[in-house]
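# Reading the structure
Each chain, written out:
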Amino acid sequence: MTVPPHPLVTAARRLAADVLAPRAERVDQDGIPASSVEAVKRSGLLGISAPVGYGGSAAPAAVVRETAEILAGACCSTWFVQTQHHTPVTTLAASVLPVRERLLGPLARGELLSGVAYAQLRAHPRVPVRVTRERGGWRFDGKVPWYTGWGLNDVMLLAGVTDADEALFAFTEAREQPGLRPSPPMRLAALTASRTVSLELDGLWLPEDAVALRTPYASWAVTDRPKNTNASPAVFGVAAAAIRLLEGDASAKETAAALRERLDAVRGQAYELADHPVPTERVDERLACKTRAYDVLRAATTAAVVAGGGRAMDLRSPAQRLAREGMFLLVQGQTAQVRAAHLGSLGSPG
């Protein structure tokens, strides 16, 4: 008996087939149109991890991963913008502060799209963004080096470190305002369409009721550090898209079959490790598996370029786009620990 796919997997496949994949090359060159953002909002996928009581789906981890693979394989730029949304949602779902009741429902239902600006916390003990008490609220000063979805997001979850060495997360509108100035959108080798900017913070003031999380930095770091030791579903999605290109080329079918076997094996191991109940355990295995996933990604996207020959250098070719997206995924969410493990693997003989 065949088990029907989860409704959100069906929704992701429909969104990918009808909207994302047909536009992927144009989006890569021209940017994500508002119509694609609206299609993502209507899809129900923005509430995939949100509580049912707030309009979300509270879907199992396996469904979350599968939908991420589908979206990333169809258009990595659009996937990257919408994936920012899920951290604000899960942060609010775990919050007991007033902002939960104001924003969790609209975010879960796709009425609002959120970005996130917190990677700078990982620079600790450096403090790129300092948060201080002011006028019954909080003042933010410093620089956010990367913020994705500028001009596409409605709100953002912004983080900094307080004088008491706390990690503080608060919501604000994703627009230029007193104390918040964006750079021009960055020109990147891949995913320029994601509208990534840096943010200059010079006295941005947010009220107390904008705060979603305030916790000792050490406590936050304990939960954050293990996250990036796991392989990203987007890696498997982009690799699978490259393999599908190969499967459509008679001269590359053997290569495609071998790569498909490797991909299935490493994906299975990666998700078994991701489902391990203690995220701080088996870290060396997780990192080794992540580097093997990168190996398959590189091999699959390189093979797609090789099979395409000179045609693959055309900016309208999906092969070169997937290769550049694969390059981006090698450093997306990279920590010092992940970088060391990956470089060690690349430098090892054999």
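Structural data are supplied above this passage.
No experiment lies behind these values; they were computed from the predicted model shown.

The next point concerns the overall build of the protein chain. On a plain count of helices and strands, the protein chain comes out with twelve helices and eight strands. In terms of overall dimensions, the protein chain is globule-like: its C-alpha atoms have a radius of gyration of 20 Å, near the 20 Å expected for 350 residues. For the C-alpha atoms alone, the extent of the protein chain along its principal axes is close to 70 × 45 × 45 Å. Counting every position in the protein chain, which comprises 350 residues, the buried fraction comes to 52%. Taking the contacts inside the protein chain whose residues are at least 6 apart along the sequence as the reference set, 72% of them involve residues at least 24 apart. Element-wise, carbon and sulfur atoms account for 56% of the exposed surface of the protein chain, whose accessible area totals about 15700 Å². Each charge class in the protein chain was averaged separately, 39 positive and 35 negative side chains, and the resulting centres sit 2 Å apart.

Okay, helix H1 (residues 7–30) next. Its axis deflected by about 65° at Ala24, H1 carries its strongest bend there. Within the span of H1, buried status applies to Leu8, Val9, Ala11, Ala12, Leu15, Ala16, Val19, Leu20, Ala24, Glu25, Val27 and Asp28. Tucked into the core, H1 has its buried residues touching helix H2 (34–42), helix H3 (61–74), helix H4 (76–83) and helix H11 (318–331). Phi turns positive one or two residues past the end of H1, at Gly31, with a value near 105°.

Considering the arrangement of structural elements, one finds Ala319 in helix H11. Note: C-alpha distance between Ala319 and Ala242 (77 residues apart in sequence) is 6.9 Å. When sequence neighbours within four positions are dropped, the list of residues in contact with Ala319 reads Leu245, Ala304, Val305 and Ala312.

Take the pattern of salt bridges next. One pass over the structure, following the stated rule, counts 26 salt bridges. Asp141 is paired through a salt bridge with Arg139; the nearest N and O atoms lie 2.6 Å apart. Exposure remark for Arg139: the relative accessible area of 26% places this residue in the partly exposed category. Note that Glu247 and Arg260 form a salt bridge whose closest N and O atoms lie 3.2 Å from each other. Highlighted residues: Glu247 in helix H8 (residues 233–247) and Arg260 in helix H9 (residues 253–274), separated in sequence by 13 residues.

The next subject is unusual backbone geometry. Looking along the chain, the bond that leaves His124 and enters Pro125 is cis, with omega of 20°. As for its placement among the helices and strands, Pro125 is situated in the loop between strand S1 (114–117) and strand S2 (129–134). One non-glycine residue, Leu191, lies in the positive phi region at around 65°. On the secondary structure map, Leu191 appears in the loop between strand S6 (180–182) and strand S7 (196–207). Phi at Arg282 is positive, roughly 60°, even though this residue is not glycine. Judged by its relative accessible area of 29%, Arg282 falls in the partly exposed class.

Turning our attention to the environment of Pro125. Residue class for Pro125 comes out exposed when judged on its relative accessible area of 72%. Each C-alpha atom of the pair Pro125 and Ser348 lies 31 Å from the other, and the pair is 223 residues apart in sequence.

Before going further, it helps to examine the side chain of Asn228. Summarising the element assignment, Asn228 is placed in the loop between helix H7 (217–224) and H8. Residue classification places Asn228 among the buried residues on the basis of a relative accessible area of 15%. Polar contacts involving the side chain of Asn228 include one to the main-chain carbonyl oxygen of Gly333, which spans 3.1 Å. Contacts of Asn228, omitting those with residues within four sequence positions, involve Arg122, Lys290, Gly333, Thr335 and Val338.

Moving on, we come to the packing of H3 against H4. Direction vectors running N to C along H3 and H4 enclose 135°, while the axes themselves pass 5 Å from each other. Between H3 and H4, the angle falls in the class oblique. Contact with H3, carried on its side by Ala68, Leu71, Ala72 and Ala74, involves Cys76, Trp79 and Gln82 of H4 and no other residues of that element. Looking at side-chain class alone, the contact of H3 with H4 contains six nonpolar, one polar and no charged residues.

Cut-offs and rules
Residues numbered from 1 in each chain as written. Predicted model: local features only at pLDDT ≥ 70, side-chain atom pairs only at ≥ 80, totals over all residues. Heavy atoms only, no water. Helix = DSSP H or I, 4+ residues; strand = E, 2+ residues; numbered from the N terminus. Rg over C-alpha atoms; globule rule 2.2 N^0.38 Å. Buried < 20%, exposed > 50% of the residue type's maximum accessible area, 1.4 Å probe, protein only. Contact = heavy atoms within 4.5 Å. Areas by Shrake-Rupley, 256 points an atom, 1.4 Å probe, with all protein chains shown as cover. Lys, Arg positive; Asp, Glu negative; His and termini not counted. Charge placed at Lys NZ, Arg CZ, Asp CG, Glu CD. Bend = angle between axes of the 7 residues up to and from the residue. Salt bridge = Lys/Arg side-chain N within 4 Å of Asp/Glu carboxyl O. Polar contact = N/O pair within 3.5 Å; in protein donor to acceptor, adjacent residues only side chain to side chain. Axes fitted to C-alpha atoms, helices over the stretch in contact; angles between N-to-C directions. Parallel < 35°, antiparallel > 145°, perpendicular 65-115°, else oblique. Nonpolar A, V, L, I, M, F, W, Y, C, P; charged D, E, K, R; others polar.

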